[in-house]
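Here is how the chains run, residue by residue.
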Amino acid sequence: MQLHGLHYPRIGLKMAPFTRLASRAHATKPNPNSYQETQAFVRRKRVKKEAVKEHHVISRNGHVSSGIPDIEDFSYQKPNVLSANGNLELLSPVHAVAARVASPIKHGASAGPPDNWEKVLEGIRVMRSSECAPVDTMGCEKAGSSLPPKEKRFAVLVSALLSSQTKDQVTHGAIQRLLQNGLLEPHTIDKADEETIKTLIYPVGFYTRKAINLKKIAKICIVKYGGDIPSTLEELLKLPGIGPKMAHLAMNVAWNNVQGICVDTHVHRICNRLGWVSKAGTNQKTSSPEETRVALEKWLPKEEWDPINPLLVGFGQTICTPLRPHCENCKVNNLCPSAFKETSSPSSSKSRKPLSHYN
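Please read these numbers as outputs of a predicted model, since none were measured by experiment.

Engineer: Teacher, can you tell me more about the overall build of the protein chain here?
Structural biologist: A tally of helices and strands in the protein chain yields 16 helices and two strands. For the protein chain, with 359 residues in total, the buried portion stands at 40%. A fraction of 58% describes how many contacts in the protein chain between residues 6 or more apart in sequence connect residues 24 or more apart. Working note: accessible area of the protein chain is about 20000 Å², and carbon and sulfur atoms make up 56% of it.

This is the structure in structure tokens:
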């Protein structure tokens, strides 16, 4: 059989065009048989796929992974992180990533607390004591602090409603404007028109919907609770616009009755970064604050349920921020499986003094 041009006329196979890459292949490994070269290319590609498959199978804790793991799913272990005197070594950002002590998540009915959680919590307390956060002066628990108990409970509920998808500074400003205009009480809110309420609470997130719900809540509190707020978690959750986070906050602060952990976006984010929570029976991160609350309550001692919210919220506002967290200033970055995996702000190292690691 004769070759005509670049075609095999009887089998209809077209040879690959002669490119610079192909010329290198011929120069380094001459082979007149183009079909064999194609087979060799396919074999190399197949080996590459097998390598990916191995990466697919090997996963944390020896479980089979359903896909190529994301970088944040890896935990780095180093047995000699503790120094000879029992203190934690001071690690640079590069070494902290490579020698991080993970907090593995345990699953099943016998699941216990993650490793080192007490050291991490104490380290966060130390950091929080050295720097004031917005939640410390403008959090929901500060709403109506000068009012009588009944009015204060309503103020806390209103603040919790307005706080969703809103920074503490904005929520605090809205509460102050309502108070100054005599609209931090159910009877006056019930009589006020929605436009007035919208104007006063703007720019809280979803202020139009919140103004509507605020009037509905005021009416319910007047009719069913004599101007007070519901005293049970179940009744609070029946109020329009009130979710689990707000209901637990109202129970904890307004009634001093801790029924569960108040988990907002900061607590949700930080617990996942620390590897403290996961979806039931998996190594996957929780996808909502409510999932985080359920997972966290399974192992966190009940005496920590109330203080954990302001502690982690303030930590999330100052150091473990949503975008570009300041890991270089965190005392527990060598105990965090997510440290240094998100780019820090260019100005963060200039604006903050580095903190020594927690011992």
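Engineer: Sorry if this is basic, but what is going on with helix H6 (residues 149–163) here?
Structural biologist: Given 3.6 residues per turn, any residue in an α-helix points the same way as the ones three and four places further on. Taking 1.5 Å as the rise per residue, H6 with 15 residues should run 21 Å; its terminal C-alpha atoms sit 21 Å apart, in good agreement. Extensive coverage of H6 is indicated by the burial of 11 of its 15 residues. Those residues of H6 lying buried are Arg-153, Phe-154, Ala-155, Val-156, Leu-157, Val-158, Ser-159, Ala-160, Leu-161, Leu-162 and Ser-163. Where H6 is buried, its residues touch helix H7 (168–180), helix H8 (186–191), helix H9 (194–201), helix H10 (207–225), helix H11 (233–237) and helix H12 (244–254). Where H6 ends, the next residue or the one after it, Gln-165, has phi of about 55°, a positive value.

Engineer: Looking at this model, I keep getting lost on the packing of H6 against H10. Mind explaining?
Structural biologist: Packed helices, taken two at a time, are described by the angle their axes make and the gap between the axes. Contact geometry for H6 and H10: axes closest at 11 Å, N-to-C directions at 155°. The pairing of H6 with H10 is recorded here as roughly antiparallel in orientation. Considering how the two elements wind past one another, H6 and H10 form a crossing that is right-handed. Between H6 and H10, the residues in contact are Phe-154, Leu-157, Val-158, Leu-161, Leu-162 and Ser-163 and Lys-210, Leu-214, Ile-217, Ala-218 and Cys-221, respectively. Its residues assigned to classes, the contact of H6 with H10 shows nine nonpolar, one polar and one charged.

Engineer: Honestly, the packing of helix H13 (residues 265–274) against helix H14 (residues 289–297) in this entry has me stumped. Any pointers?
Structural biologist: Where H13 contacts H14, the two axes come as close as 9 Å, and the packing angle between them is 60°. With respect to their mutual orientation, H13 and H14 come out oblique. Two packed elements cross with a definite hand, and for H13 against H14 that hand is left-handed. Judged by residue contacts, Val-267, His-268, Cys-271 and Asn-272 of H13 engage Pro-289, Thr-292 and Leu-296 from H14.

Engineer: Looking at this structure, how should I read the confidence of the model for the protein chain?
Structural biologist: Detailed reading of the predicted coordinates is not advisable wherever pLDDT is low. For the protein chain, the mean per-residue pLDDT works out to 77, and 64% of the residues sit at or above 70. The element-level mean pLDDT for the protein chain is lowest in helix H2 (residues 34–57), coming to 40, with H10 highest at 98. Segment residues 345–351: pLDDT under 50, and five contacts once partners within four positions in sequence are set aside and those in other chains are kept.

Engineer: What exactly am I supposed to notice about the packing of aromatic side chains here?
Structural biologist: Remark: the centre distance and the inter-plane angle together describe each pair of aromatic rings, the angle taken between the planes. Here the structure, examined in full by the defined rule, presents three aromatic pairs. Centre to centre, the rings of Trp-117 and Trp-299 are 5.4 Å apart; their planes meet at 65°, and the pair counts as edge-to-face. Taken as a pair, Trp-117 in helix H4 (residues 117–129) and Trp-299 in the loop between H14 and helix H15 (308–318) lie far apart in primary sequence, 182 residues in all. For Trp-117, a relative accessible area of 10% corresponds to the buried category. A residue is classified by how much of its surface remains accessible, and Trp-299, at 11% relative accessible area, is buried. Residues Trp-276 and Trp-299 carry aromatic rings whose centres are separated by 5.5 Å and whose planes lie at 85° to one another, so their mutual orientation is edge-to-face.

Engineer: Explanation requested: the pattern of salt bridges in the structure shown.
Structural biologist: Pairs can form between side chains of opposite charge whenever their charged atoms are close. This structure, assessed with the given rule, holds 11 salt bridges. A salt bridge links Arg-153 to Asp-228, with the shortest nitrogen-to-oxygen separation between them at 2.7 Å. Residue Arg-153 is located in helix H6, and its partner Asp-228 is located in the loop between H10 and H11; the two are separated by 75 residues in the primary sequence. When sorted by exposure, Arg-153 lands in the same class as Asp-228, which is buried. A salt bridge links Glu-235 to Lys-238; its shortest N-O distance comes to 3.2 Å. What makes Glu-235 partly exposed here is its relative accessible area of 22%. By relative accessible area, which is 60% here, Lys-238 ends up exposed.

Engineer: Before we go on, may I ask you to explain H13 in this structure?
Structural biologist: By the criterion of burial, H13 is predominantly enclosed, with nine of the 10 residues buried. Buried residues of H13: His-266, Val-267, His-268, Arg-269, Ile-270, Cys-271, Asn-272, Arg-273 and Leu-274, and no others. Close packing links the buried residues of H13 with H4, H14 and H15. The N-cap of H13, judged by a side-chain oxygen 3.2 Å from the amide nitrogen of His-266 a few residues on, is Asp-264. Following H13 by one or two positions, Gly-275 has its phi on the positive side, about 75°.

Criteria and thresholds
- Residues numbered from 1 in each chain as written.
- Predicted model: local features only at pLDDT ≥ 70, side-chain atom pairs only at ≥ 80, totals over all residues.
- Heavy atoms only, no water.
- Helix = DSSP H or I, 4+ residues; strand = E, 2+ residues; numbered from the N terminus.
- Buried < 20%, exposed > 50% of the residue type's maximum accessible area, 1.4 Å probe, protein only.
- Contact = heavy atoms within 4.5 Å.
- Areas by Shrake-Rupley, 256 points an atom, 1.4 Å probe, with all protein chains shown as cover.
- Expected span 1.5 Å × (residues − 1).
- Axes fitted to C-alpha atoms, helices over the stretch in contact; angles between N-to-C directions.
- Parallel < 35°, antiparallel > 145°, perpendicular 65-115°, else oblique.
- Left-handed = near helix turned anticlockwise from the far one by under 90°.
- Nonpolar A, V, L, I, M, F, W, Y, C, P; charged D, E, K, R; others polar.
- pLDDT = per-residue confidence, 0-100.
- Phe/Tyr/Trp six-rings, centres within 6.5 Å; stacked < 30°, edge-to-face > 60°.
- Salt bridge = Lys/Arg side-chain N within 4 Å of Asp/Glu carboxyl O.
- Polar contact = N/O pair within 3.5 Å; in protein donor to acceptor, adjacent residues only side chain to side chain.

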